[in-house]
Every structure is written in structure tokens, then in C-alpha cells.
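A look at the structure
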Amino acid sequence: MLRHKPTFFRNSLDLRDKVLVKVLRKRLNLSDKQFASVVRKSGSSIAAITKEASALKEASTSK
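In what follows, the accompanying structure is described. Computed from a predicted structure; not experimentally measured. Along each chain, residues carry numbers from 1 onward, in the same order as the chain's sequence is written. Per-residue local features are limited, in this predicted model, to residues with pLDDT of at least 70; the limit for side-chain atom pairs, both in listing and counting, is 80 or more; totals at the level of whole chains, interfaces and linings are taken over all residues. Side-chain descriptors were evaluated using all non-hydrogen atoms of the structure, hydrogens and water having been removed beforehand.

**Some points on helix 3 (residues 46-61)**
We count it as follows: Every helix listed is a DSSP run of H or I at least four residues long, and every strand listed is a run of E at least two residues long, numbered separately from the N terminus. A helix is expected to reach a length of 1.5 Å times the quantity of its residues less one. Classification of residues uses two cut-offs on accessible area relative to the type maximum, computed with a 1.4 Å probe and protein chains only: under 20% is buried, over 50% is exposed, and between them is partly exposed. Directions drawn from the helix axis to the C-beta atoms are what define this arc. Residue contacts are counted whenever heavy atoms from the two residues lie within 4.5 Å of one another.
Compared with the 22 Å implied by 1.5 Å per residue over 16 residues, the 22 Å span of helix 3 between its first and last C-alpha is a close match. Along helix 3, the residues classified as buried are Ile46, Ile49 and Ala53. All buried residues of helix 3 lie within an arc of 55 degrees about the axis, which places them on one face of the element. Of the exposed residues in helix 3, those oriented more than 90 degrees away from the buried face are Ala47, Lys51 and Glu58. Structurally, helix 3 contributes buried residues whose contacts are with helix 1 (18-28) and helix 2 (32-42).

Here is the structure:
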């Protein structure tokens, strides 16, 4: 039986993959709520998530 193997892009986050989400969240040092809000704002692109997370951290340190 032939099945089509799903293709995932390196630069996009698959929210169904719990390990990938956990690794990225830990690498960015974000809480669950912060990570969820960043993903909601920026989408599934890892580069956009990283950029938004750095902006979030800069905003919280400047307060």
C-alpha cells in the first residue's frame, strides 16, 4: 500500500508536533502563554516566531 509521506518545511512550525513545540519554546525561554500569543501574532514561520519573541523580551526588559 502506497501512502503519500507528509512533507514538512524546515522553516515552519508544525503545531501538532509536541516535541518541536517544546524544543522551540524552551530555546526561546518563553512560558506557554507567551509562546501561544507569539504564535498567534506571527503565524507558523519559525523566523517570524523568533523575531516576535525577541521583540517581546525587549519590551519586557525595558519596562
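**A closer look at the nonpolar core**
Rules: Note on terminology: a nonpolar core comprises buried Ala, Val, Leu, Ile, Met, Phe, Trp, Tyr and Cys residues joined through side-chain atoms within 4.5 Å.
By size, the foremost hydrophobic cluster in this structure holds 11 residues: Leu13, Val21, Leu24, Leu28, Leu30, Phe35, Val38, Val39, Ile46, Ile49 and Ala53. Taken together, the elements giving at least two residues each to this core come down to helix 1, helix 2 and helix 3.

**Focus on the packing of helix 1 against helix 3**
Quick note on the threshold: To define axes, lines are fitted to C-alpha atoms, for helices over the stretch in contact only, and angles between the resulting N-to-C directions are given on a 0 to 180 degree scale. Two helices cross in a left-handed way if the nearer one is turned anticlockwise from the farther one by less than a right angle. They cross in a right-handed way if the turn is clockwise. Gly counts as polar in this scheme, as do all residues outside two lists: the nonpolar Ala, Val, Leu, Ile, Met, Phe, Trp, Tyr, Cys and Pro, and the charged Asp, Glu, Lys and Arg.
Look at helix 1 against helix 3: their axes get within 11 Å of each other, and the N-to-C directions meet at 35 degrees. For the pair helix 1 and helix 3, the sense of crossing is right-handed. Packed against helix 1, whose contacting residues are Leu24, Arg27 and Leu28, the element helix 3 presents Ile46, Ile49, Thr50, Ala53 and Lys57 at the interface. Looking at the contact of helix 1 with helix 3 residue by residue, the class counts come to five nonpolar, one polar and two charged.

**Side note on unusual backbone geometry**
For asparagine 29, which is not a glycine, the phi torsion comes out positive at approximately 55 degrees. Of the residues examined, asparagine 29 reaches a relative accessible area of 56% and is grouped as exposed.

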